[in-house]
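# Structure at a glance
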Amino acid sequence: MSSPFLWGVASSAFQIEGALDEDGRGPSVWDVFSERPGAVRDGHSPALACDHYHRWAEDVELLDRLGVNAYRFSLAWPRVVPTGRGAVNGAGLDFYDHLVDSLLARGIAPVPTLFHWDLPLALEEAGGWSERDTAHAFAEYAAAAADRLGDRVDRWITLNEPLVHTTYGHALGVHAPGRILEVPEVMRVAHHMLLAHGLAAGELRSRGLEVLLTNNYSPVSPATGSEADTAAAHAYDTLHNRLFTDPVLTGAYPDLSAFGVAEVPGVREGDLKAVAGSADGLGINYYNPTVATAPDEGSGLPFGFGEVAGAPVTAFGWPVVPEGLGRTIDLLRGRHGDALPPLYVTENGCSYEDRVSPGGRIADPERIAYLEGHVAEVEAARERGADVRGYFVWTLTDNFEWAEGYHQRFGLVHVDRATQARTPKDSFSWYRDLVAARTASADA
Ligand code: FCB
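Residues numbered from 1 in each chain as written. Predicted model: local features only at pLDDT ≥ 70, side-chain atom pairs only at ≥ 80, totals over all residues. Heavy atoms only, no water.

## Some words on the pairing of strand β2 (residues 70-74)
The buried count for β2 comes to five of five residues, which makes it a mostly enclosed element. Side-chain alternation along β2 places Ala70, Arg72 and Ser74 on one buried face and Tyr71 and Phe73 on a second face that is also buried. As paired elements, strand β1 (residues 6-10) and β2 share three bridges and run parallel to each other. Directly across from alanine 10, in β2, lies its bridge partner arginine 72. (Buried < 20%, exposed > 50% of the residue type's maximum accessible area, 1.4 Å probe, protein only. Helix = DSSP H or I, 4+ residues; strand = E, 2+ residues; numbered from the N terminus. Pairing = 2+ DSSP bridges.)

Okay, structure coming up:
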């Protein structure tokens, strides 16, 4: 029997857990970055987040009510290995162990991500992703996590959106660790992250486990047909859609000459071999397409950004273009053909201001329309022959949205920041009904 299509929701440790000092968790880069003045909008603190570390059982109940058959969450590396390398913290693993058992008891497949941006601070202090050693430390941590959970969890995501962590965290300085490096040094960071994925994939596969890599994809169009805009779109596509995908599928980096990089620094013999063919599935996080323009003078980048014309935008200002998800899937298929492994939409969702009615009901028709449009794109792509095996809404509960703090609400469930009370929004019922209908017809 083939496994059922996964209908799920996704979350990440740092955005929901809180309890940053509990049960032996070590600090992460985000703990300290979020304390920098100006780093997080209005100085919002991640210390409590959704208090999921204490309320996880209630959150699993919500998942049960939602009827999903899969849940994507992340393990906090600094909970499992507080100093990044070396001693494993059993108490940290216990937390995920209980979570996994509780999910399985409800027929929900756990889909853990090993790295969703919360690098142990001790590793950052030793150079972070600029150091090759961090990749080895990651593989050791992956092995420890798999040794504990691999008897019950068979599908693992290594990294979440390494490009966003690389660029926002190491080039733009707007995410932790807040570094601003020159382009070649940014590429070194990228390479060490890819190597980390490859080495961890080896550890997971040697234990008979399935390995996924999740990237953020965005189909890119030039703002006009001009040569300069077209070149800009090409450069952005290379960075966004190829840098962390081509090496995994083809064993080679794409041509990075638009970035002035002839050779990616830090690549040693055998590295690309460890990375080639290292994914049994690709996770697609899709939020919006991109329009590229020729760069502003002196920007130091080979592209600029234009406006996605005619699209409504979310509270985050992100354009709503469901067809972009279908385009993304087609782009990957067209580009990689038979080398493309099965696909999973590991994140898709939107942020909107709440409209709480006097009875406490939270109407979010825009979110329902957003999800409806994107699910339809996945289903149409499957009909065109795409091997898409899952769809995960970002996210279950409104949570700590990185540099935006609690300003962006992406949840199917509203969280009252003062009381932590969880209230399912209208979109929760809508998704519950959709999942029920789809899983019933799959069973029939
Ligand atoms: C993605 C991140 C996720 C969340 C959503 C809105 O880039 O993976 O943690 O912040 O965006």
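That was the structure; now back to the text.
## Overview of the side chain of threonine 158
Tracing the sequence through the fold places threonine 158 in strand β4 (residues 155-160). Looking at threonine 158, its side chain comes within polar contact range of the side chain of histidine 197, at 2.7 Å. With residues up to four places along the chain from it excluded, the contact list for threonine 158 reads Thr113, Leu114, Phe115, Phe138, His197, Ala200, Leu204, Val211, Leu212 and Leu213. (Polar contact = N/O pair within 3.5 Å; in protein donor to acceptor, adjacent residues only side chain to side chain. Contact = heavy atoms within 4.5 Å.)

## Some details on unusual backbone geometry
Residue proline 177 follows alanine 176 across a cis peptide bond; omega there is 5°. For proline 177, the position within the fold is in the loop between α8 (162-170) and α9 (183-206). The linkage connecting tryptophan 394 with the following residue, threonine 395, adopts the cis geometry, with an omega of 20°. Positionally, threonine 395 belongs in the loop between β11 (388-394) and β12 (413-415).

## Let's talk about the site of the ligand
Taken together, the residues surrounding the ligand are Gln15, His116, Trp117, Asn160, Glu161, Asn285, Tyr287, Glu347, Trp394, Glu401, Trp402 and Phe410. The side chain of glutamine 15 places a nitrogen or oxygen atom 2.7 Å from an oxygen atom of the ligand. Between tryptophan 402 and the ligand, the recorded distance is 3.0 Å, taken from a side-chain N or O atom to an oxygen atom. Residue composition of the shell around the ligand, by class: five nonpolar, four polar and three charged. (Near = heavy atom within 4 Å. Nonpolar A, V, L, I, M, F, W, Y, C, P; charged D, E, K, R; others polar.)

## What about a nonpolar patch on the surface?
There is a patch of nonpolar side chains on the surface, built from Tyr168, Leu172 and Val174 and spanning about 260 Å² of accessible area. For valine 174, the location among the structural elements is in the loop between α8 and α9. (Patch = residues over 30% accessible without salt bridge, like charges linked within 9 Å, V, L, I, M, F, W, Y side chains within 5 Å. Areas by Shrake-Rupley, 256 points an atom, 1.4 Å probe, with all protein chains shown as cover. Salt bridge = Lys/Arg side-chain N within 4 Å of Asp/Glu carboxyl O.)

## Side note on the pattern of salt bridges
Inspection of the entire model under this criterion finds 34 salt bridges. Of the charged contacts in the structure, one is a salt bridge between glutamate 17 and arginine 79, with a shortest N-O distance of 2.7 Å. In this pair, glutamate 17 sits in the loop between α1 (13-16) and α2 (29-33) while arginine 79 sits in helix α4 (residues 77-80), placing the two residues 62 residues apart along the sequence. Like arginine 79, glutamate 17 is buried. Linking arginine 152 and aspartate 101 is a salt bridge whose minimum nitrogen-to-oxygen distance equals 2.9 Å. Note that arginine 152 is positioned in the loop between α7 (132-149) and β4 and aspartate 101 in helix α5 (residues 90-105), a separation of 51 residues in sequence. One network of salt bridges, in which partners are shared, links Asp94, Asp97, Asp101, Arg148, Asp151 and Arg152.

## Re α5
Along an α-helix, a turn takes 3.6 residues, which lines up residues three or four apart on a common side. Here α5 is 16 residues long and its end C-alpha atoms lie 22 Å apart, about the 22 Å a rise of 1.5 Å per residue gives. As for α5, its buried residues are in contact with α1, α3 (52-66), β2, α4, β3 (109-115) and α7. Directly after α5, the chain includes glycine 107, whose backbone phi takes a positive value near 75°. (Expected span 1.5 Å × (residues − 1).)

## Regarding the sheet that holds strand β5 (residues 210-216)
Spatially, the eight strands close up into a barrel ordered β1-β2-β3-β4-β5-β7-β10-β11, and their pairing is parallel. Within this sheet the neighbouring strands show an average axis-to-axis angle of 25°, counted without direction. Bridging between β1 and β11 involves five bridges; their strand directions are parallel. Paired with glycine 8 across the bridge in β11 is phenylalanine 392. (Axes fitted to C-alpha atoms, helices over the stretch in contact; angles between N-to-C directions.)

## Comments concerning the UniProt feature "active site" (unreviewed entry) in the protein chain
Per the UniProt entry, the sites bearing "active site" (unreviewed entry) are Glu161 and Glu347 in this numbering. In terms of the greatest pairwise C-alpha distance, the residues named above, spread along 187 residues, form a tight cluster of at most 10.4 Å across. Relative to the helices and strands, glutamate 161 resides in the loop between β4 and α8. With relative accessibility at 5%, the residue glutamate 161 sits in the buried group. Every residue in contact with glutamate 161, bar those within four places of it in the chain, is listed here: Trp117, Thr214, Asn215, Asn216, Asn285, Tyr287 and Glu347. Turning to its location among the elements, glutamate 347 is positioned in strand β10 (residues 343-347). Residues contacting glutamate 347, with those up to four places away along its chain left out, are Ala10, Arg72, His116, Asn160, Glu161, Ile284, Asn285, Tyr286, Tyr287, Phe392 and Trp394. (UniProt positions renumbered as here; feature names shortened; annotations may be inferred.)

## Quick word on the UniProt feature "binding site: substrate" (unreviewed entry) in the protein chain
As annotated in UniProt, the feature "binding site: substrate" (unreviewed entry) corresponds to Gln15, His116, Asn160, Tyr287, Trp394, Glu401 and Trp402 in the numbering used here. Turning to its location among the elements, tryptophan 394 is positioned in strand β11. With a relative accessible area of 3%, tryptophan 394 lands in the buried category. Note that tryptophan 402 resides in the loop between β11 and β12. The buried category is assigned to tryptophan 402, whose relative accessible area is 3%. In this structure the side chain of tryptophan 402 is engaged in a polar contact, spanning 3.4 Å, whose partner is the side chain of glutamine 15.

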